[in-house]
Amino acid sequence: MTWLRVVNPRNLMIFLCLIVVVMIGFKGVWITQKIMAFNEAERLYASKDLVAAEDWYQKARGNHSLQYKELELAARLQKLAPITEIKQSLSIIAEEADNAGQARDFAVFMQVYDKLQQIRGPYMAPKSQYASFYRQISGTLQLSERMIAHLQQFKLSFYEQMKENMQQGRFEEETFRTNLLRIPAFIYGSSAKKEQQLSTKFQQYDEAKLASLASAGKFQGMLSEALHLINVYTELNFTSDWVYPKTKKLAATMMVKDVERDQVSAFIVHAKDYTSFMTSTRKDSDMETYLQNQIRAWMRNAGKLISKGSYQQGIALYKMLGDYQDTKAEIKAAELAWAIAEPVRLLPALSGNQRYAHVISGQHQFGAKTYVIAVDPSNRLTYARWDNDDQIQSWNMVLPEGHASIRRLSLEEHLSTNSQPVLLLESTSETRKAKYTAFFVGVDTQIPLFQFEADGYEAAANGTLLVYSPNVANAEGRTAVYERHGNSYQLASFQSDYTMIAAQNLLNYYNVKVQFTCNIVLIEGGDVYGEMGSSYVKLTGAYPFQTGQITITGSFHEYAELIVNNELHKIPVFQVESVEKAN
């Protein structure tokens with residue numbers, strides 16, 4: 001049989017009739033189902049099972065095989081519209097919650113959860129006529145169980161995230177704090193249990209993170225993280241009593257190690273950071289007392305170093321401590337003590353192995369706390385001082401000509417003033433014992449206060465200079481008197497080689513050349529006698545003595561006896577060397 005024989009008009013008609021019969025059968029079934037659905041809905045409605053009735057009414061309305069009591073059906077559904085709305089809303093919530101849970105999207109899930117609370121609120125309000133319907137529909141959907149299961153799963157995943165962070169030492173993703181706090185308290189059992197569980201978890205995590213930063217030597221990072229945690233928990237309105245104590249303990253451990261290793265600079269940095277941390281957290285701590293005590297201990301150590309002469313170490317310690325508190329005064333005092341102990345430090349540094357020569361120094365003179373004067377290898381004189389205003393000053397001076405070979409450099413204390421020293425240069429001389437040059441420091445050395453070659457000199461109390469055997473005409477062996485005129489000393493005269501006295505004081509100048517005036521009262525047998533106060537003196541010498549007043553120069557070296565008015569007197573014998581004046 002070919003295909004054309006099968007598909008003929010008669011067979012086609014039979015096939016179409018069969019299709020119509022099947023469709024009529026289905027139609028009958030659908031009509032029966034709609035009538036039965038409506039009747040079941042009516043029965044349930046009459047028995048007050050409105051949730052189930054609404055479901056059957058929806059089935060009947062969805063069956064379009066027959067227009068059967070459509071007005072009554074619409075009226076019933078109109079009355080049951082709130083139930084319909086609850087079903088639709090909760091079904092959507094359930095589906096969205098499942099999707100967010102499977103996607104591990106906590107933010108979206110909590111949006112769904114919040115939406116559920118908004119939907120639930122009006123229906124579950126006190127005296128709401130729909131509360132029982134809401135519970136029934138929610139129970140049918142197992143909505144609460146599904147929501148709780150998702151929340152439990154989220155909580156466990158956040159706990160796992162915390163665990164992995166701690167195990168790996170990576171503390172980057174930390175949204176779990178906010179997320180765990182957003183999970184409702186009933187998931188934990190109660191509000192108190194929630195706070196207890198999260199406090200334990202958060203404390204374990206935070207302390208591990210702070211300890212990790214501390215062990216890595218990240219002191220500032222640890223403090224910053226602690227401050228961040230305190231602020232985070234404050235914003236979350238969650239108590240975090242463990243953060244500050246743990247931070248304090250870790251900080252103390254690190255700073256104690258600084259002290260043990262004598263790492264002053266590191267301690268200072270840490271101390272400043274921790275002080276700032278205490279200020280930011282408004283916390284008073286015994287750590288502040290510890291910091292102050294340690295700083296004071298190091299300040300005492302610095303002082304001891306200075307006292308022992310370890311100036312460089314002491315000053316270095318003061319400077320390090322200066323990063324924490326003001327140590328300028330201590331540094332200045334230490335530098336002054338060092339300058340007093342080693343005054344050459346005030347002078348400019350010399351290159352290579354060169355050294356200063358003829359160094360003299362002193363303290364508390366010439367308006368300075370300490371000063372130093374020295375000559376460098378190029379024969380340049382430098383005067384440096386630490387003045388009373390704590391300023392370091394220095395002057396460089398070219399030495400006067402003719403002083404290439406300096407024998408001695410000293411201060412001429414008799415001629416120096418309160419504010420300005422006078423320097424005395426003593427150098428070699430070909431004709432006398434030394435060449436002496438004096439000049440005021442800071443004044444042109446080519447204009448000296450005095451300059452002469454001599455066998456020595458001394459400053460007299462009256463401000464003159466007594467120069468012994470100066471290298472000038474007719475001065476050898478004599479004492480010259482130099483007087484000051486303006487800014488220099490000039491030769492004024494030569495000093496006599498005798499002492500002028502009163503005759504009655506002769507006995508005080510045994511074997512000393514003196515000059516005095518006396519009255520010759522007796523010339524007998526070649527012996528000459530003169531009055532000496534209430535006594536007498538015997539005069540000897542090849543001079544034509546006459547009675548009367550006479551001024552004589554000489555000395556006495558022995559005594560003689562003289563009888564006056566039957567009394568024996570022991571009188572000095574004066575050897576006359578010259579007669580200055582006679583009457």
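Residues numbered from 1 in each chain as written. Predicted model: local features only at pLDDT ≥ 70, side-chain atom pairs only at ≥ 80, totals over all residues. Heavy atoms only, no water.

1. Some points on the overall build of the protein
Applicable threshold: Every helix listed is a DSSP run of H or I at least four residues long, and every strand listed is a run of E at least two residues long, numbered separately from the N terminus. Each residue is placed in one exposure class: buried if its accessible area under a 1.4 Å probe, protein chains only, is under 20% of its type's maximum, exposed if it is over 50%, and partly exposed if it falls in between. The criterion used for residue contact is that any of the two residues' heavy atoms lie within 4.5 Å.
When you go through the protein residue by residue, the secondary structure sums to 16 helices and 18 strands. Buried positions account for 40% of the 583 residues belonging to the protein. When contacts within the protein are restricted to residue pairs at least 6 apart in sequence, those whose partners lie at least 24 apart make up 49%.

2. Brief notes about the sheet that holds strand β2 (residues 368-375)
Let me state the cut-off plainly: By this definition, two strands are paired if DSSP reports at least two bridges between them. Only the contacting stretch of a helix is used when fitting its axis, a line to C-alpha atoms as for every element, and angles between N-to-C directions run 0 to 180 degrees.
If you walk across this open sheet you meet the 4 strands as β1-β2-β3-β4, and the pairing is antiparallel. At either end of the open sheet lies a strand with only one pairing partner, and these are β1 (357-365) and β4 (392-398). Each adjacent strand pair in this sheet contributes to an overall mean axis angle of 15 degrees, direction not counted.

3. Digging into the nonpolar core
Put simply, the test is: Definition of nonpolar core: a set of buried residues of the types Ala, Val, Leu, Ile, Met, Phe, Trp, Tyr and Cys, connected through side-chain atoms within 4.5 Å.
Residues Leu-180, Phe-202, Met-222 and Tyr-274 are the most contacted members of the largest nonpolar core, which totals 80 residues. Beyond its immediate chain neighbours, meaning those up to four positions away, Tyr-274 contacts Phe-219, Leu-223, Tyr-244, Lys-248, Ala-251, Met-255, Ser-285 and Met-287. With 18 residues, the next largest nonpolar core counts Phe-452, Ala-459, Leu-465 and Tyr-489 among its residues.

4. A look at the pairing of strand β10 (residues 465-468)
A regular strand places its side chains on the two faces of the sheet in alternate fashion. As judged from the 3 bridges shared by strand β9 (residues 457-459) and β10, these two strands associate in the antiparallel manner. Paired with Tyr-457 across the two strands is Val-467, which belongs to β10. Following β9, the chain reverses through 5 residues before pairing antiparallel with β10; Gly-463 in that reversal takes a positive phi of roughly 95 degrees. Relative to strand β11 (residues 479-485), β10 is paired through 4 bridges, and the arrangement is antiparallel. Note on β11: the bridge partner recorded for Leu-465 is Tyr-482.

5. Describing the packing of aromatic side chains
Just so we agree on the cut-off: Pairs were defined over the aromatic rings of Phe, Tyr and Trp, the Trp ring being its six-membered one, requiring ring centres within 6.5 Å. Orientation was assigned from the angle between planes: stacked under 30 degrees, edge-to-face over 60, tilted for the rest.
All chains considered together, the criterion is met by 31 aromatic pairs. With a centroid separation of 6.5 Å and 40 degrees between ring planes, the pair formed by Phe-176 and Phe-202 is classed as tilted. Taken together, the residues Phe-176 in helix α9 (residues 176-182) and Phe-202 in helix α10 (residues 191-215) connect sequence positions 26 residues apart. What makes Phe-176 buried here is its relative accessible area of 0%. A relative accessible area of 1% places Phe-202 in the buried class. On the numbers, 5.2 Å between centres and 15 degrees between planes, the contact of Tyr-383 with Trp-395 is stacked. Taken together, the residues Tyr-383 in strand β3 (residues 380-387) and Trp-395 in strand β4 connect sequence positions 12 residues apart.

6. Here's the deal with the pattern of salt bridges
Rules: Salt bridges are defined as contacts in which a side-chain nitrogen from Lys or Arg sits within 4 Å of a carboxyl oxygen from Asp or Glu.
Scanning the model with the defined rule gives 15 salt bridges in all. The residue Arg-170 makes a salt bridge to Glu-172 at a minimum N-O spacing of 3.8 Å. The salt bridge involving Arg-177 is made with Asp-206; its shortest N-O contact spans 2.6 Å. Taken together, the residues span a long stretch of sequence, with Arg-177 in helix α9 and Asp-206 in helix α10 at a distance of 29 residues. On the basis of relative accessible area, Arg-177 is assigned to the buried category, the value being 4%. Put simply, Glu-174, Arg-177, Asp-206, Lys-209 and Glu-225 are held in one network by salt bridges that share partners.

7. Brief notes about helix α8 (residues 143-168)
Stated precisely, the cut-off is as follows: By definition here, a helix of n residues has an expected span of 1.5 Å times n minus one.
The terminal C-alpha atoms of α8, which comprises 26 residues, lie 37 Å apart, in line with the 38 Å expected from a rise of 1.5 Å per residue. For α8, the set of buried residues is Leu-143, Met-147, His-150, Leu-151, Phe-154, Lys-155, Phe-158, Tyr-159, Gln-161, Met-162 and Asn-165. Buried-residue contacts for α8 involve α5 (81-102), α6 (106-123), α7 (131-141), α9 and α10. Following α8 by one or two positions, Gly-169 adopts a phi angle in the positive range, close to 70 degrees.

8. Describing the packing of helix α15 (residues 311-321) against helix α16 (residues 328-341)
For the record, the criterion: Orientation is classified from the angle alone, with under 35 degrees giving roughly parallel, over 145 giving roughly antiparallel, 65 to 115 giving roughly perpendicular, and any other angle giving oblique. Side-chain classes are defined by residue name, with Ala, Val, Leu, Ile, Met, Phe, Trp, Tyr, Cys and Pro counting as nonpolar, Asp, Glu, Lys and Arg as charged, and the others, Gly among them, as polar.
At their nearest, the axes of α15 and α16 sit 9 Å apart, and the two run at 170 degrees to each other. Classified by the angle their axes make, α15 and α16 are roughly antiparallel. For the pair α15 and α16, contact is made by Tyr-311, Gln-312, Ile-315, Tyr-318 and Lys-319 and by Glu-330, Ile-331, Ala-334, Glu-335, Ala-337, Trp-338 and Ala-341, respectively. A breakdown of the residues in the contact of α15 with α16 according to their chemical character gives 8 nonpolar, 1 polar and 3 charged.

9. Observations regarding the packing of helix α13 (residues 264-281) against α15
Spelled out, the test is: Handedness of a crossing is defined here by the sense of rotation of the near helix relative to the far one, left-handed for an anticlockwise turn of less than a right angle and right-handed for a clockwise turn.
Relative to each other, α13 and α15 sit at 20 degrees, their axes nearing to 9 Å. Between α13 and α15, the angle falls in the class roughly parallel. Judged by the sense of rotation from one axis to the other, the crossing of α13 with α15 is right-handed. Taken together, the residues of α15 that come into contact with α13 (itself represented by Val-264, Ser-265 and Ile-268) are Leu-317, Met-320 and Leu-321. Here the residues of the contact of α13 with α15 are counted per class, giving 5 nonpolar, 1 polar and no charged.

10. Regarding a nonpolar patch on the surface
Threshold: For patches, a residue must show more than 30% relative accessible area and have no salt bridge; joins then use 9 Å for like charges and 5 Å for nonpolar side chains, namely Val, Leu, Ile, Met, Phe, Trp and Tyr. We get accessible surface area from the Shrake-Rupley algorithm with a probe of 1.4 Å; when it comes to residues, only the shown protein chains can shield them.
Taken together, the side chains of Leu-507, Tyr-510 and Tyr-559 make up a nonpolar region of the molecular surface, amounting to roughly 310 Å² of accessible area. Following the sequence through the fold, Tyr-559 ends up in strand β17 (residues 548-564). For Tyr-559, a relative accessible area of 39% corresponds to the partly exposed category.

11. Remarks on the pairing of β2
Burial analysis of β2 places 7 of its 8 residues in the buried class, which makes it a mostly covered element. In this sheet, β2 lies alongside β1 in antiparallel orientation, the contact comprising 6 bridges. In the sheet register, Ala-357 faces β2, and the bridge partner there is Val-375. With antiparallel pairing between neighbouring strands as the criterion, β1 and β2 make up a hairpin whose turn holds 2 residues, including Phe-366 at a positive phi of roughly 55 degrees. Bridge count between β2 and β3: 7 bridges; the pairing is antiparallel. Looking at β3, one finds that Tyr-371 is bridged to Arg-385. Count of turn residues in the β2/β3 antiparallel hairpin: 4 residues, of which Asn-379 carries a positive phi of about 65 degrees.

12. Details of helix α14 (residues 286-307)
An α-helical turn contains 3.6 residues, so a residue and the one three or four places further along point in the same direction. Definition in use: Arc definition: it is the arc formed by the directions from the helix axis to the C-beta atoms.
Taking 1.5 Å as the rise per residue, α14 with 22 residues should run 32 Å; its terminal C-alpha atoms sit 32 Å apart, in good agreement. For α14, every residue scored as buried is listed here: Met-287, Leu-291, Gln-294, Ile-295, Trp-298, Met-299, Ala-302, Leu-305 and Ile-306. Down the axis of α14, the buried set is contained in an arc of 140 degrees. They therefore lie on one face. Of the residues in α14, the exposed ones pointing more than 90 degrees away from the buried face are Arg-300, Lys-304 and Ser-307. The secondary structure elements touched by the buried residues of α14 are α12 (243-260), α13, α15 and α16. Immediately downstream of α14, the backbone of Gly-309 shows phi near 90 degrees, a positive value.

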